[in-house]
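# Examination of the molecular architecture
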Amino acid sequence: MRGNLFGGSTGSSKGRVVVAMSGGVDSSVAAALLKGQGYEVIGVTMQLWDKGREEAAESGGHRPCCTLDDVMDAARVADRLKIPFEVLNLEEEFQRQVVDPFVDSYRRGMTPNPCILCNERLKFRALLDKAVEWGADYLATGHYARREETPDGIVRLRKGVDGAKDQSYFLFPVTQPQLQRLLFPLGTLRKHEVRRLAEEFRLPVARKSESQEICFVADNDYVSFVERRDGHQASGGAIVDRYGKILGSHSGIHRYTIGQRRGLGISSPFPLYVTGIDPRTRRVTVGPENELYSPGLEAREVNWIVPPLRPIFAAACKIRYRQQPVDCTVRVLENERIEISFPQPVRAVTPGQAVVIYDGDEVLGGGWIERTSTTNGSRHEQQ
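Model, not experiment: these values are computed from the prediction. Positions within a chain are numbered from 1, following the residues in the order the chain's sequence is written. Since the coordinates come from a predicted model, pLDDT governs what is reported: local features require at least 70, and pairs of side-chain atoms require 80 or more to be given and counted, while whole-chain, interface and lining totals use all residues. For the side-chain quantities, the full set of heavy atoms in the structure was used; hydrogens and water were omitted.

Starting at the N terminus, helices and strands are each numbered in turn, a helix being any DSSP run of H or I of at least four residues and a strand any DSSP run of E of at least two. Mapped onto the elements of the fold, Met 72 is located in helix H3 (residues 68-81). Only protein chains enter the accessibility calculation, which uses a 1.4 Å probe; a residue is then buried when its area is under 20% of its type maximum, exposed when over 50%, and partly exposed in between. Under the relative-accessibility criterion, Met 72 is labelled partly exposed at 45%.

Following this line, the structure appears as structure tokens:
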């Protein structure tokens, strides 16, 4: 480890901060801003997925992020900023705690969100623990979100001011002790401002393009990825309507997600959508769009950043990243579970995805969608 990383404080009035540097524009600008604000900045890159470079090359497609090329980009930024830099190899942990659950979720008929797991299990657990071990006061990331310290000692998580880039949805698992040590330097900026700052700081990644949605899957082809990494041959099954009538067949439930329209291979006088996936029978249920709407859901493994004051309360929630928040009523259940009802049915509520609860621009908490009811009274459930 270069520099005085394991030594005493340098006397910086702001304190020591480890910046999680992915090799992209956002985290690079975050590091530059914090250094300019007087922090003692240490850049650290988590090496997560070198295998991804080989898989992308084989497919001839877009190279995923989290490869050694991104590590080198982060190192060049650190050199430009004249800050200590280190690589933390977490490939085994990433495989076990993010990639394996991703593949297993599709095998069980769910639609996973690996970015949230990566934040929860690697950035805000493994990397934060390492930062504390190194004597850092804070861990900073390039997320578009804000933290607010209040007089009562509670730190609140709020949306980033750039509504198009706000990433607070991905941060719901963060705990209050973790949030006390986290910094989000980009929370008050918009993306075009971050790009401009990268040019002003003359960062070598200033014009680097954004990584794809699933960072370790080339060209977002999750079906091929799952099939390459699945340890056994996927079993096919029937495609049925809500009454159980067989309309066709499929070659694996991992090929489908709630709300999907394309690739069903079924002739119909009206558009059909995937409305349910049953991993026990391996049946995929399809129907018209009106059968996609749900009046409510149940979620598990709920984390409260700010504990609710009442067992039943009104709020807003998002069931996917790009969705605008919708009104809802939250009922707190036992065993870290919640039940949510919507005044107006919501389209394509998907088991395996996260539901995140907001009060205005503040994130109260969230959990993983386990089951949902539809307007026809049936239930779709995660196994």
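Our next topic: the environment of Ser 168. When you line up the elements, Ser 168 lands in the loop between strand S6 (155-159) and helix H6 (176-179). Taking C-alpha positions, Ser 168 is 7.1 Å from Tyr 144, a pair spaced 24 residues apart along the chain. A contact between two residues is defined here by any heavy atoms of the two lying within 4.5 Å. Filtering out sequence-adjacent residues up to four positions away, Ser 168 remains in contact with Tyr 144, Ala 145, Leu 157, Arg 158, Lys 159, Tyr 358 and Val 363. One polar contact links Ser 168 to Asp 166, side chain to side chain, over a distance of 3.1 Å. Side-chain atoms alone can form a polar contact between residues adjacent in sequence; in general such a contact is a pair of N or O atoms within 3.5 Å, and within protein one must be able to donate a hydrogen while the other accepts it.

Sheets are built from strands paired through backbone hydrogen bonds, the pairs being either parallel or antiparallel. Read from one edge to the other, the open sheet built from 5 strands follows the order S3-S2-S1-S4-S7, with strand pairing classed as parallel. Two strands bound the open sheet, and with one partner strand each, they are strand S3 (85-89) and strand S7 (182-183). Bridge count between strand S2 (residues 40-47) and S3: 5 bridges; the pairing is parallel. Within S3, the residue paired with Met 46 across the bridge is Leu 88. Note on geometry: axes are C-alpha line fits, over the in-contact stretch for helices, and angles between N-to-C directions span 0 to 180 degrees. This element, helix H1 (residues 25-36), spans strand S1 (16-20), S2, strand S4 (138-140) and S7 of the sheet and lies at about 165° to S1. Each pair of strands is called paired provided DSSP finds at least two bridges between the two strands.

As a further point, take the packing of aromatic side chains. Each Phe, Tyr or Trp ring, with Trp reduced to its six-membered ring, pairs with another whose centre is within 6.5 Å; inter-plane angles below 30 degrees give stacked pairs, above 60 give edge-to-face pairs, and intermediate values give tilted ones. Scanning all chains against the criterion turns up 15 aromatic pairs. Both rings, one in Phe 216 and one in Phe 225, keep their centres 5.4 Å apart while their planes meet at 55°; by these two values the pair is tilted. Members of the aromatic cluster, connected to one another through ring pairs, are Trp 49, Phe 94, Phe 102, Tyr 106, Phe 216, Tyr 222 and Phe 225. Lysine and arginine charges are scored as sitting over a ring when NZ or CZ, respectively, is within 6 Å of the ring centre and within 35 degrees of the ring normal. Across the ring face of Tyr 358, the terminal group of Lys 159 is positioned such that the distance to the ring centre comes to 4.9 Å.

Turning our eyes to something else, we now look at the pairing of strand S16 (residues 354-359). S16 sits mainly inside the fold: 5 of its 6 residues count as buried. As paired elements, S16 and strand S17 (residues 362-373) share 6 bridges and run antiparallel to each other. What sits directly across from Ile 357, in S17, is Gly 365. Between S16 and S17, which pair antiparallel one after the other, the connecting turn spans 2 residues, and Gly 360 there sits at a positive phi close to 65°.

Next up on the list: the pattern of salt bridges. If the charged atoms of two oppositely charged side chains come close together, the side chains can form a pair. Criterion for a salt bridge: a side-chain nitrogen of Lys or Arg within 4 Å of a carboxyl oxygen of Asp or Glu. Applying the stated criterion across every chain, the model contains 29 salt bridges. Put simply, Arg 207 and Glu 199 hold a salt bridge, and the shortest N to O gap is 2.9 Å. Residue class for Arg 207 comes out exposed when judged on its relative accessible area of 75%.

To continue, consider the sheet that holds strand S9 (residues 246-250). Strand order in the open sheet formed by 4 strands is S9-S8-S11-S10, and the pairing between neighbours is mixed. Edge positions in the sheet fall to S9 and strand S10 (273-278), since each of these pairs with one other strand and no more. On average, adjacent strands in this sheet sit at an angle of 25° to one another, irrespective of strand direction. Bridge count for S10 against strand S11 (residues 283-287) is 5 bridges, and the pairing is antiparallel. Across the sheet, Gly 276 pairs through a bridge with Thr 285, a residue of S11.

Think of an α-helix as 3.6 residues a turn; residues three or four steps apart then line up on the same face. Buried residues of helix H8 (residues 222-229): Tyr 222, Val 223, Phe 225 and Val 226, and no others. In a view along the axis of H8, the buried residues occupy a sector of 165°, so they form one face of it. Within this analysis, the arc is defined by the directions that extend from the helix axis to the C-beta atoms.

Looking now at the packing of helix H4 (residues 91-107) against H8. It is at 10 Å that the axes of H4 and H8 come closest, and there the two elements cross at 105°. Looking at the two axes, H4 sits roughly perpendicular to H8. Contact with H4, carried on its side by Gln 95, Val 99, Phe 102, Val 103 and Tyr 106, involves Tyr 222, Phe 225, Val 226 and Arg 229 of H8 and no other residues of that element. Residues of the contact of H4 with H8, tallied by class, amount to 7 nonpolar, 1 polar and 1 charged. Convention used here: angles under 35 degrees read as roughly parallel, angles over 145 as roughly antiparallel, angles from 65 to 115 as roughly perpendicular, and any remaining angle as oblique. Side-chain classes follow a simple rule in which Ala, Val, Leu, Ile, Met, Phe, Trp, Tyr, Cys and Pro form the nonpolar group, Asp, Glu, Lys and Arg form the charged group, and the remainder, Gly included, forms the polar group.

On average, residues of the protein score 90 in pLDDT, and 88% of them are at 70 or above. Residue-level confidence of the predictor is summarised by pLDDT, bounded by 0 at the bottom and 100 at the top. Note that pLDDT drops below 50 for residues 56-63; the model gives that stretch 13 contacts with residues more than four away or on any other chain.

This paragraph deals with the side chain of Thr 141. With respect to the secondary-structure elements, Thr 141 resides in the loop between S4 and strand S5 (145-149). We classify Thr 141 as buried; its relative accessible area is 1%. Polar contacts involving the side chain of Thr 141 include one to the side chain of His 143, which spans 2.7 Å. If we skip the residues at most four places from it in the chain, Thr 141 touches Ala 20, Ala 30, Lys 123, Phe 124, Leu 183, Phe 184 and Pro 185.

Looking now at unusual backbone geometry. The backbone of Arg 202 shows a phi angle near 55°, a positive value even though the residue is not glycine. With respect to the element layout, Arg 202 can be found in the loop between helix H7 (191-200) and H8. Arg 202 gets classed as exposed once you look at its relative accessible area, which sits at 65%. A positive phi angle is found at Glu 336, which is not glycine, with a value near 55°. Within the fold, Glu 336 resides in the loop between strand S14 (326-333) and strand S15 (337-347). You can call Glu 336 exposed: its relative accessible area is 54%.

A few words now on helix H5 (residues 114-133). The bend reported for a residue corresponds to the angle between axes fitted to the seven residues ending at that residue and the seven starting there. In the structure, H5 departs most strongly from a straight axis at Leu 127, where the bend amounts to approximately 25°. Along H5, the residues classified as buried are Pro 114, Ile 116, Leu 117, Cys 118, Asn 119, Leu 122, Lys 123, Phe 124, Leu 127, Leu 128 and Ala 131. Where H5 ends, the next residue or the one after it, Gly 135, has phi of about 85°, a positive value.

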